[in-house]
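Residue-level structure breakdown
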Amino acid sequence: MMAEMSQPREPRALRVSDADRERASEELREAVAEGRLEMDEFEERIEQAYRAKVHDDLACLTSDLPVRRDGALGRRRGGSVTDWDSRIGGRRTSSGAVGFLGGFRRTGRWTVGRRFRALAICGGGQVDLREADFESRETVVRCFAIMGGMQVIVPPGVNVVSRGFSLMGGFGTPAPGDIDPSAPRVIVTGFTFWGGVGIACRAPEGAAESPAQKTALEG
């Protein structure tokens, strides 16, 4: 009797390795950093990724995401690779600022709340996150400028989303740039009337900064 020939195995049914799980997890981290996944979706999928047994288990977790860009590197903070995990999850030290017939500045080492409100009336302000820690992996900065203006500054690698509205003024939009999958996401929203909100991406003081990392107010 002739021995039965072995049938080729379906690739998606093959068992996964730890390296396979880590590659899928990296794709999920990049997707949440780009805003393609909400945090609750990310947490659910990352848990499933580490429990995956076969390739089909991993494929269904990333099938609705674009192909991962290789070579994502940690961004630098003051000349060294940023350890974002050490800067996320702290207790907030500020959740708002007001500039009325004057100005305000939030800069240096501080911990921004997951919801930060900034108001400038006939004045100005600056929300500088380059050296800041973050209460949450996603931070919403609500800016309201009436006959005034303010600027939001983030370090390179942070995923910045602009959702503001302006009437007889301007609301900045971030220029495209490289995103660090482990960095926090900052959503800048709000309203301006005869005023403006600028969004800038700059390296921390003393760190090298390329022209591509700078963003000026647009519109």
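Our subject is the structure listed above.
First things first, this report covers the structure right here in the doc. Since the model is a prediction, treat every value here as computed from it, not as a measurement.

Definitions and cut-offs
Residues numbered from 1 in each chain as written. Predicted model: local features only at pLDDT ≥ 70, side-chain atom pairs only at ≥ 80, totals over all residues. Heavy atoms only, no water. Helix = DSSP H or I, 4+ residues; strand = E, 2+ residues; numbered from the N terminus. Contact = heavy atoms within 4.5 Å. Areas by Shrake-Rupley, 256 points an atom, 1.4 Å probe, with all protein chains shown as cover. Salt bridge = Lys/Arg side-chain N within 4 Å of Asp/Glu carboxyl O. Buried < 20%, exposed > 50% of the residue type's maximum accessible area, 1.4 Å probe, protein only. Core = buried A, V, L, I, M, F, W, Y, C linked by side-chain atoms within 4.5 Å. Phe/Tyr/Trp six-rings, centres within 6.5 Å; stacked < 30°, edge-to-face > 60°. Arc of directions from axis to C-beta. Patch = residues over 30% accessible without salt bridge, like charges linked within 9 Å, V, L, I, M, F, W, Y side chains within 5 Å. Lys, Arg positive; Asp, Glu negative; His and termini not counted. Charge placed at Lys NZ, Arg CZ, Asp CG, Glu CD. Polar contact = N/O pair within 3.5 Å; in protein donor to acceptor, adjacent residues only side chain to side chain.

**A short note on the overall build of the protein chain**
Within the protein chain, the secondary structure is distributed over 3 helices and 14 strands. For the protein chain, the share of sequence-separated contacts (at least 6 apart) that also reach a separation of at least 24 residues comes to 66%. With the model as given, the accessible surface of the protein chain reaches about 12,300 Å², and the carbon-plus-sulfur share is 51%.

**Regarding the pattern of salt bridges**
Pairing between side chains of opposite charge can happen when their charged atoms approach one another. The tally for this structure, following the rule as stated, stands at 8 salt bridges. For R137, the salt bridge is made with D85, and the minimal N-O distance between the two is 3.3 Å. Of this pair, R137 sits in the loop between β7 (133-134) and β8 (138-146) while D85 is found in the loop between β2 (80-81) and β3 (94-100), placing the two residues 52 residues apart along the sequence. Note on D85: relative accessible area 54%, which makes it exposed. Across the pair D133 and R109 runs a salt bridge, and its minimum N-O distance is 3.3 Å. Here D133 is found in strand β7, whereas its partner R109 is found in the loop between β4 (103-106) and β5 (111-121), with 24 residues between them in sequence. Each of R87, R109 and D133 takes part in a single network of salt bridges with overlapping partners.

**Description of the nonpolar core**
Grouped together as the largest cluster of nonpolar side chains are 28 residues, with contacts concentrated most on F116, V127, L129, M150 and V188. Broken down by secondary-structure element, the contributors of at least two residues to this core are β5, β8, β9 (149-154), β13 (185-193) and β14 (196-201). In terms of residues, this core owes the most to one element, β5, which gives 4 residues. Formed by 13 residues, the second largest nonpolar core is a distinct cluster that contains V16, L37, I46 and A49.

**Focus: the packing of aromatic side chains**
Overall, the coordinates contain 4 aromatic pairs when judged by the stated rule. Ring geometry for W110 against F116: centres 5.5 Å apart, planes inclined by 65°, an arrangement best described as edge-to-face.

**Re helix α3 (residues 55-62)**
Burial in α3 covers these residues: L58, L61 and T62. One side of α3 holds all its buried residues, which, seen down the axis, span an arc of 85°.

**Observations concerning a negative patch on the surface**
Taken together, E38, D40, E41, E43 and E44 make up a surface patch of like negative charges. You can see E41 is positioned in helix α2 (residues 39-51).

**A look at the environment of S166**
Secondary-structure assignment places S166 in strand β11 (residues 165-167). Along the backbone, S166 and G196 are 30 residues apart, and their C-alpha atoms lie at a distance of 7.6 Å. Apart from residues lying up to four places away in sequence, S166 is in contact with F171, T192 and G195. In terms of polar contacts, S166 uses its side chain to reach the backbone carbonyl oxygen of G169, at 3.3 Å. For S166, the side chain forms a polar contact with the main-chain nitrogen of G170, separated by 2.8 Å.

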